[in-house]
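Architecture and fold: a report
For reference, the chains in residue letters:
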Amino acid sequence: MEYYHHSINKMAMFMVILVLAIDVTMVLGQGTRVGFYSSRCPRAESIVQSTVRAHFQSDPTVAPGILRMHFHDCFVLGCDGSILIEGSDAERTAIPNRNLKGFDVIEDAKTQIEAICPGVVSCADILALAARDSVVATRGLTWSVPTGRRDGRVSRAADAGDLPAFFDSVDIQKRKFLTKGLNTQDLVALTGAHTIGTAGCAVIRDRLFNFNSTGGPDPSIDATFLPQLRALCPQNGDASRRVGLDTGSVNNFDTSYFSNLRNGRGVLESDQKLWTDASTQVFVQRFLGIRGLLGLTFGVEFGRSMVKMSNIEVKTGTNGEIRKVCSAIN
């Protein structure tokens, strides 16, 4: 009899935990699941994949562009495709978003999908899938993308004011990520997306010539790397010139980015700080598999962190809409 009551109590506790878990999921808006379109539009994911691959073959810069676009979408009003909407004061006109690229890739995939499954697949989901496929195109590991997001109806430039910035301290970066439910490991993993892509000299130059108004360079830059960066971004040169964020491996999704941080060869100020701050350095070391520390496989952990990020404040069920065209609300 005592065992019977003990079993009942355990079952009751399990049910309470289950209800709490479901409640938390609903509060967070996480109603996505892998294979959401498997019956309603079974070709959706393969269309996105082939579209990304085709555009990447003619312009490899779309891969980091789409990945960054997804990140910026999720950090502003959640992963709802609001970054895709056009308009004079839309999200994509905000300063951090003005150099985003890959909008044509998402629209291309949407047009193909609408032709066979009208009104079914959201632009937010297409963007999430395209981000994964962009990593795969650059030789990164794949992961399963939960789908079922709906598209937002609001897109304002003013809402993009608190995106992570290239000059942020690690404490500020951690705060911005924690606000979205992402921890320090997620921060380091997701910033590892800088293993592909470029930055403009405009966001690098002060670090090379007048760091924190000192009249000199950032002392954390490796002495042999500084002349290389200064040659690429002269003091009075073209501010729009692009510089690879992962020197020596700009088109490959790998751990070279973390090796560069360890060697003082991070290009962005915020990136290099991930090595100089002890709380983030440990994750850089673990992604590099440094002896004595429990290693982490970057590609695997990046996928896990991407799934977490892609579920930020998602709209599901009857919230939002399924846009007919990604650049405009219905």
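The chain has the name Peroxidase in an unreviewed UniProt entry, where Nicotiana sylvestris is given as its organism. Per UniProt, the comment on the chain under Subcellular location (unreviewed entry) is "Secreted". As its UniProt record puts it under Function (unreviewed entry), the chain is described as follows: "Removal of H(2)O(2), oxidation of toxic reductants, biosynthesis and degradation of lignin, suberization, auxin catabolism, response to environmental stresses such as wounding, pathogen attack and oxidative stress. These functions might be dependent on each isozyme/isoform in each plant tissue."

The feature "binding site: Ca(2+) 2" (unreviewed entry), as annotated in UniProt, sits at Thr195, Asp246 and Asp254 in this numbering. Spatial clustering of the annotated residues is evident: they stretch over 60 residues in sequence, but the largest pairwise C-alpha distance comes to 9.5 Å. Tracing the backbone through its elements, the reader meets Thr195 in the loop between helix H7 (184-191) and strand S1 (198-200). Here Thr195 is in contact with Asp246, Ser249, Val250, Asn252, Phe253, Asp254 and Tyr257, once residues within four sequence places are set aside. Relative to the elements of secondary structure, Asp246 occurs in the loop between strand S2 (242-244) and helix H10 (256-262). Among the residues examined, Asp246 registers a relative accessible area of 0% and is labelled buried. Ignoring any residue separated from it by four or fewer positions in sequence, one finds Asp246 in contact with His194, Thr195, Asp254, Ser256, Tyr257 and Asn260.

Quick look at the side chain of Asp246 now. No salt bridge is formed by the buried Asp246; the nearest opposite charge belongs to Arg265, separated by 8.4 Å. Of the polar contacts made by the side chain of Asp246, one reaches the side chain of Asn260; its length is 2.8 Å.

Bringing the state of the cysteines into the picture now. Within this structure, the stated rule accounts for 4 disulfides. The disulfide bridge from Cys41 ends at Cys117, spanning 2.1 Å between sulfur atoms. One disulfide, between Cys41 and Cys117, carries an S-S torsion of 85° and so falls in the right-handed class. Pair noted here: Cys41 is in the loop between helix H1 (2-28) and helix H2 (44-58) and Cys117 is in the loop between helix H4 (103-116) and helix H5 (123-137), with a separation of 76 residues, a long-range link. Side by side, Cys41 and Cys117 carry an identical accessibility label, which is buried. Across the disulfide, Cys74 is cross-linked to Cys79 (sulfur-sulfur distance 2.0 Å). Every disulfide takes its handedness from the sign of the S-S torsion; for Cys74 and Cys79 that torsion is 120°, giving right-handed. For Cys74, a relative accessible area of 0% puts it in the buried group.

Moving on: the packing of H7 against helix H13 (residues 298-310). Where H7 meets H13, the closest approach of the two axes is 9 Å, and the angle between their N-to-C directions is 110°. As far as their axial angle goes, H13 and H7 are roughly perpendicular. Facing H7, whose interface residues are Gln185, Asp186, Ala189 and Leu190, H13 presents Phe298, Glu301, Phe302, Ser305, Met306, Lys308 and Met309. A per-class count over the contact of H7 with H13 returns 6 nonpolar, 2 polar and 3 charged.

A few words on the UniProt feature "active site" (unreviewed entry) in the chain. Annotation from UniProt places "active site" (unreviewed entry) at His72. Topologically, His72 is positioned in helix H3 (residues 62-74). If we ignore the near neighbours within four places in the chain, the residues touching His72 are Glu91, Pro96, Asn97, Leu100 and Leu163.

What follows deals with the packing of aromatic side chains. Aromatic ring pairs are described here by two measures, namely the spacing of the ring centres and the angle between the planes. Overall, the coordinates contain 13 aromatic pairs when judged by the stated rule. Their ring planes at 5° and their centres at 5.5 Å tell us that Phe253 and Phe298 sit as a pair that is stacked. Note that Phe253 is positioned in the loop between S2 and H10 and Phe298 in helix H13, a separation of 45 residues in sequence. Exposure remark for Phe298: the relative accessible area of 5% places this residue in the buried category. Measuring from centroid to centroid gives 5.6 Å for Phe287 and Phe298, while their planes differ by 70°, and the two rings are edge-to-face.

Before going further, it helps to examine the side chain of Glu91. Looking at the element boundaries, Glu91 is found in the loop between H3 and H4. No salt bridge is formed by the buried Glu91; the nearest opposite charge belongs to Arg323, separated by 7.9 Å. Not counting chain neighbours up to four residues away, the residues in contact with Glu91 comprise His72, Asp73, Val76, Leu77, Ser82, Ile83, Asn97, Ser155, Arg156 and Ala157.

Take helix H11 (residues 269-276) next. A large share of H11 lies buried, amounting to 6 of its 8 residues. The set of residues buried in H11 consists of Glu269, Ser270, Asp271, Gln272, Leu274 and Trp275. Among the structural elements, helix H6 (170-179), H7, helix H8 (205-209), H10 and helix H12 (278-288) are those in contact with the buried residues of H11.

Attention now goes to the pattern of salt bridges. A full pass over the atoms with the stated rule returns 18 salt bridges. Residue Arg153 pairs with Glu321 through a salt bridge whose shortest N-O separation is 3.3 Å. You can see Arg153 sitting in the loop between H5 and H6 and its partner Glu321 sitting in the segment after H13, a full 168 residues away along the chain. We classify Glu321 as buried; its relative accessible area is 8%. The shortest N-O distance in the salt bridge between Asp222 and Arg265 comes to 3.8 Å. Note that Asp222 is positioned in the loop between H8 and helix H9 (226-232) and Arg265 in the loop between H10 and H11, a separation of 43 residues in sequence. Several salt bridges converge on common partners, so that one network encompasses Asp162, Asp168, Arg175 and Lys176.

Conventions used here
- Residues numbered from 1 in each chain as written.
- Predicted model: local features only at pLDDT ≥ 70, side-chain atom pairs only at ≥ 80, totals over all residues.
- Heavy atoms only, no water.
- UniProt positions renumbered as here; feature names shortened; annotations may be inferred.
- Helix = DSSP H or I, 4+ residues; strand = E, 2+ residues; numbered from the N terminus.
- Contact = heavy atoms within 4.5 Å.
- Buried < 20%, exposed > 50% of the residue type's maximum accessible area, 1.4 Å probe, protein only.
- Lys, Arg positive; Asp, Glu negative; His and termini not counted.
- Salt bridge = Lys/Arg side-chain N within 4 Å of Asp/Glu carboxyl O.
- Polar contact = N/O pair within 3.5 Å; in protein donor to acceptor, adjacent residues only side chain to side chain.
- Disulfide = S-S within 2.5 Å.
- Axes fitted to C-alpha atoms, helices over the stretch in contact; angles between N-to-C directions.
- Parallel < 35°, antiparallel > 145°, perpendicular 65-115°, else oblique.
- Nonpolar A, V, L, I, M, F, W, Y, C, P; charged D, E, K, R; others polar.
- Phe/Tyr/Trp six-rings, centres within 6.5 Å; stacked < 30°, edge-to-face > 60°.

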